[in-house]
Amino acid sequence: MALELLTPPRPLALELRVHGVHGASPDELLGDPRTVRITGDSTAAVFRRAADADAEAHPEWYAGRPVVEAYCWSRLTSGNGARALWLLLLPFMVVNLAHWARPAAPAAGPAPRAVRTYGVLVRVLALTLTLLLIAAACEVALDLLAWQCAGTKACTAPRSWLGFLEPGGWWGQPGRRLALGALVPAALTGLLWFLSNRTWSAYESQPPPAGTAVPAAGGDGTPALGRPGFWYGRRIVARLRAAHTAAGLLTVAAAVAAPTARYDRRAGAPALEALGWAVEVLLAAGAVAVAWVVCRRGRTEDRADHRLDRAAVTLLPGSALALLAAVLLYAGWSRPGWTSTGRLPGDFAFGVLMLGQGCCVLLLAAVAVHLYRLAPDPATALYGLGGPAIAMLGCALGGVMSGGVAQRVADWLDGGGALGPAGAPLPAPPVLLSWQAAVLPPLLLVLALLAAWFAVRGVRARRRLAAGVAAEYPGEPPDEDRSRRIAGARAAAALTDSAPWFVAAVAGITLLLGAGALAGAWLSGQVPGEAARGAHPLLETAARAAQDAGSWLIGLGFVLFVTWGRRAYRDPAARRTIGVLWDVGTFWPRAAHPFAPPCYAERAVPDLTWRMTGWTGRTGGRLVISGHSQGSVLAAAAVWQLPPQVRRRVALLTYGSPLRRLYGRWFPAYFGPGPLGALHGDVDCWRNLWRATDPIGGPVLTDGRDTAAPAAPAAPAAPAAPAAPAGSAAPMAPADSVDRGPLADPLAYGRSARHPLPAPILGHFDYQADPAFAAERDALLVRLAGPARRARSAAPAGPTGRGDAPAAAPAVPAPRVSKEPAAPAEPEDPPGTAG
């Protein structure tokens, strides 16, 4: 009895749950309507049941069971209604993903140079998308409105608000109309800069908690997600933001200066002609400066880089803005004989951008193939070409969105059938945009054929799988309809593994059709229907049908896009649907495009890291971080950032995890077999649960092809004893194994005395309802008991509380996270150590 009184109570065990992409409220995660916030704010926070709020003060109450916490982060991506505006940034987000989708490569040899080349090409592609967006705004505001429509009374007469721009008035001169119209794309550029700067201040620039500074650590052998600078992109985002802002302003200045200088050269005014040449030289110099800033430096992941390139961040956009103001004054100078006819040179500008994007994608594919050959991995999506395919889709999205806006505005202005001096409808968008719209019908036809082919494959797979489903549930009478439903769920889930080839087909066809559209526009100089006039009747009919159908599809897509964004702005449910897209796309930091939506993981990963470090440092207890779906990716990234002393007290439980099936295939340099194997070596206590009916989750260290059929459903797990795992009939995973599965789904095949109601097919959800979840969680806590007992003697005996700031304890150093203050002296870094 005396020995029992002298024995200190066993330290607490904690389960920290992280939800997936669909989000969940604290009461849903914790199974209790009464919850309290332990730490965090209204955007992301850690919650507990109200009864467990002071668990640290009474560890004896929790013998044999862990305290459960929930980290809720869904408002980082689907919070207020303004998040619906992120739909406009979709092409920027997609091209930013291409940066992270590069193949894995050896750390030594020629790979580092190839990695930097890959990063430079993606950043150049991202810059072309910014130029494309601003060029589309210039096309609408300068060409269609200020140049074409305002240049004829037939277009301005039905619109009284454009009357002051009619020829003959003070604003009637083309240069002044262009200067006025330039305010629209300039304001759009300023809005993008403002949004990027605001999110940069809230995400990339946030300092770490006070008193947590540690020297930067990392090396060539450290996985990328474990490096101190990975989740800290302050310097690169600021640098790219300045370059893209300057590029947008210079694009607007060039759109105004080009027709003005061309007129001055024709008019023979020496002073204005010299001024025009000077403006064009300055614009060329600005373009060179922007290109140098974009290509010179990439990400630095080996340390948290707090420095800013003041010259690039301040002088570059400031100089571009001053040059734009000078160009507007130059264009506004009185030129009484100047009249606007035809179109601004938009065909050439859009064509150059489209050609440059195609060349960059092809070069990116060549570099990706080279990297893949240095370290081949058959599991990598498209044999290393996943990044170029994603980049091609981003360019296609940008082209469709910009072309759709221009064509819809042109149709709206030409609604009355106004005719210009040559008898042509006014206004008219560039010919290339009509060719781009004309390729949409054949592209959609090919996509429909591909979808039908995949559907047929799914039906065949369902028939093949249905024959063996009943045998997986011994003692149950076969039910053909039930077997078909279970087999159908498995076949549909397996289609996820065919997604890379679908993306490859879309990207390849888009590249070929885009090249054909560019060639047709440049060679003919006419819209497809006019270019095919006089050809074979079938070809002429097909060209006109494609042009008309493409224009209609562009209009429908534009309306649906606006409607979806408007609905998401007002409807939280629709906003959560959009949030699912951002949950996957904005996990990665902004390494290529500064105007992409912000990376929520730069808030979530440090949150989880500091919570785990602070709690284990105060209590010396054991902790299981359990993540579902995208939450498992956040959990793994947070564990990667933990120092070894803390990691020994932490176990990782993942379920429905896309770590290998999606992230490992598409982002092999960061979640491939090498990094995941290194994580398994660093985290001895790791279990992963998966089902064959799950279209997202899967095994993390095996491919699942040679795995046996799902085990029969197990009896419910009993509560775990302090020194033994919970009792369960379900087979436990071996001690040195990570993956356990496929789990039985559904848990019961048919109706029985034990299961009188039909059991649902859970697929990707409700893993915690499976007895294997509690069994594996309790087993992980038991495995942690040995290391935790040894570390308890070194843990501080500080006060307990609800805060998560780590106490000053030499035995538990601060975590190796990305947001550390700079060391007193830092070596000069190379031009981007991560591409």
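Definitions and limits used
- Residues numbered from 1 in each chain as written.
- Predicted model: local features only at pLDDT ≥ 70, side-chain atom pairs only at ≥ 80, totals over all residues.
- Heavy atoms only, no water.
- Helix = DSSP H or I, 4+ residues; strand = E, 2+ residues; numbered from the N terminus.
- Contact = heavy atoms within 4.5 Å.
- Areas by Shrake-Rupley, 256 points an atom, 1.4 Å probe, with all protein chains shown as cover.
- Buried < 20%, exposed > 50% of the residue type's maximum accessible area, 1.4 Å probe, protein only.
- Pairing = 2+ DSSP bridges.
- Core = buried A, V, L, I, M, F, W, Y, C linked by side-chain atoms within 4.5 Å.
- Salt bridge = Lys/Arg side-chain N within 4 Å of Asp/Glu carboxyl O.
- Axes fitted to C-alpha atoms, helices over the stretch in contact; angles between N-to-C directions.
- Phe/Tyr/Trp six-rings, centres within 6.5 Å; stacked < 30°, edge-to-face > 60°.
- Parallel < 35°, antiparallel > 145°, perpendicular 65-115°, else oblique.
- Left-handed = near helix turned anticlockwise from the far one by under 90°.
- Nonpolar A, V, L, I, M, F, W, Y, C, P; charged D, E, K, R; others polar.
- Polar contact = N/O pair within 3.5 Å; in protein donor to acceptor, adjacent residues only side chain to side chain.
- pLDDT = per-residue confidence, 0-100.
- Expected span 1.5 Å × (residues − 1).

Once that is clear, we can look at the overall build of the protein. When you go through the protein residue by residue, the secondary structure sums to 26 helices and 8 strands. If you take every contact in the protein between residues at least 6 apart in sequence, the share linking residues at least 24 apart comes to 82%. Total accessible area on the protein is roughly 34,700 Å²; 65% of this is exposed by carbon and sulfur atoms.

Okay, the pairing of strand β5 (residues 622-628) next. Burial analysis of β5 places 7 of its 7 residues in the buried class, which makes it a mostly covered element. Neither face of β5 is exposed, since Arg622, Val624, Ser626 and His628 on one face and Leu623, Ile625 and Gly627 on the opposite face are all buried. Here 6 bridges tie strand β1 (residues 13-18) to β5, and the two strands are oriented parallel to one another. Residue pairing across strands places Val18 opposite Gly627, the latter belonging to β5. Relative to strand β6 (residues 650-655), β5 runs parallel, the two being bridged by 6 bridges. Each residue of the ladder has a partner; that of Leu623, found in β6, is Val650.

Ranked by size, the top nonpolar core spans 121 residues in total, and within it Tyr71, Phe587, Trp588, Ile625, Leu634 and Phe671 carry the most contacts. Residue contributions to this core peak at 14 residues, all from helix α4 (residues 111-149). Apart from residues lying up to four places away in sequence, Leu634 is in contact with Val18, Trp73, Phe587, Tyr600, Ala601, Ala604, Val605 and Leu608. Residues Ala146, Leu250, Val256 and Val293 belong to the second largest nonpolar core, which totals 43 residues.

Glancing now at the pattern of salt bridges. Considering all chains together, one arrives at 25 salt bridges under this definition. Among the ionic pairs, Glu69 bridges to Arg48, the shortest N-O distance being 2.7 Å. In this pair, Glu69 is assigned in strand β4 (residues 67-72) and Arg48 in strand β3 (residues 45-49), connecting sequence segments 21 residues apart. Per residue, the accessibility class of Glu69 equals that of Arg48, and both read buried.

Mapping Gln357 onto the fold places it in helix α11 (residues 346-374). Classification of Gln357 as buried rests on a relative accessible area of 7%. Non-local contacts of Gln357, meaning those with residues more than four positions away in its chain, are made with Leu125, Thr128, Leu129, Leu132 and Cys395.

A few words now on the environment of Val646. For Val646, the position within the fold is in helix α22 (residues 644-647). Remark: the alpha-carbon pair of Val646 and Met612, spanning 34 residues in sequence, is separated by 7.9 Å.

Take the sheet that holds β5 next. Strand order in the open sheet made by the 8 strands is β2-β3-β4-β1-β5-β6-β7-β8, with mixed pairing throughout. One side of each edge strand has no neighbouring strand; the edge strands of this open sheet are β2 (35-40) and β8 (739-743). Within the sheet, the average angular offset between the axes of one strand and its neighbour, ignoring direction, is 20°. Note: β1 against β4, 5 bridges, orientation parallel. The residue bridging Val18 from the neighbouring strand is Tyr71, located in β4.

Let's shift gears to the packing of aromatic side chains. Evaluation of the coordinates by the stated rule reveals 27 aromatic pairs. Ring geometry for Phe587 versus Tyr663: centroids 5.6 Å apart, planes at 80°, classification edge-to-face. Remark: Tyr663 occurs in helix α23 (residues 659-666) and Phe587 occurs in the loop between α19 (572-585) and α20 (601-619); sequence separation between them is 76 residues. Here Phe587 and Tyr663 have matching classes, each one buried.

Here α23 lies mainly inside the structure; 6 of its 8 residues are buried. Turning to α23, its buried residues number three or more, namely Leu659, Arg661, Tyr663, Gly664, Arg665 and Trp666.

Taken N-terminus to C-terminus, the directions of α4 and helix α9 (residues 270-296) make an angle of 140°; their axes are 9 Å apart at the nearest point. Classified by the angle between their axes, α4 and α9 sit oblique to one another. The two elements α4 and α9 cross, and the hand of that crossing is right-handed. Residue-level contacts link Val120, Arg123, Val124 and Leu127 of α4 to Val290, Val294 and Cys295 of α9. Here the residues of the contact of α4 with α9 sort into 6 nonpolar, no polar and 1 charged.

Here we come to the pairing of β2. Here β2 runs beside β3; their pairing, made up of 5 bridges, is antiparallel. Among the inter-strand pairings, Thr35 is bridged to a residue of β3, identified as Arg49. In sequence, β2 turns back onto β3 through a hairpin of 4 residues.

A few words now on the side chain of Arg687. Relative to the elements of secondary structure, Arg687 occurs in strand β7 (residues 686-691). Side-chain polar atoms of Arg687 contact the side chain of Glu776, separated by 3.4 Å.

With that settled, consider unusual backbone geometry. Cis geometry is found at the peptide bond from Gly741 to Pro742, where omega equals 5°. Tracing the backbone shows Pro742 in strand β8. Residue Pro746 is bonded to the preceding Asp745 through a cis peptide linkage, with omega at 5°. Mapped onto the secondary structure, Pro746 falls in the loop between β8 and α26 (771-792).

Mapped onto the elements, Ala635 comes out in helix α21 (residues 630-640). For Ala635, the residues in contact, after removing those within four places along its chain, are Leu608, Ile625 and Leu652.

Glancing now at the packing of α4 against helix α8 (residues 234-267). The relative placement of two packed helices comes down to the angle between their axes together with the axis-to-axis distance. For the pair α4 and α8, the least separation of the axes is 9 Å and the interaxial angle reads 35°. Remark: the crossing between α4 and α8 carries right-handed chirality. Residues Arg123, Ala126, Leu127, Thr130, Leu131, Ile134, Ala135, Cys138 and Leu142 of α4 touch α8, and the partners they reach there are Leu240, His244, Ala247, Gly248, Thr251, Val252, Ala255 and Val256.

Looking at the protein as a whole, its pLDDT mean stands at 81, while 81% of the residues score no less than 70. Across residues 714-730, where pLDDT falls below 50, the model places 34 contacts with residues more than four positions away in sequence or in other chains. Segment residues 788-828 is flagged for pLDDT under 50; beyond a separation of four residues in sequence, or across chains, it makes 100 contacts in the model.

Once that is clear, we can look at helix α14 (residues 440-466). Across its 27 residues, α14 extends 39 Å between first and last C-alpha, which sits within 8% of the 39 Å expected from 1.5 Å per residue. Along α14, the positions that sit buried rather than exposed are Leu440, Leu443, Leu450, Phe454, Gly458, Ala461 and Ala466.

Attention now moves to the environment of Asp264. Its location among the elements puts Asp264 in helix α8. Excluding its chain neighbours within four sequence positions, the residues that come into contact with Asp264 are Ala269, Leu272, Glu273, Tyr330 and Arg335.

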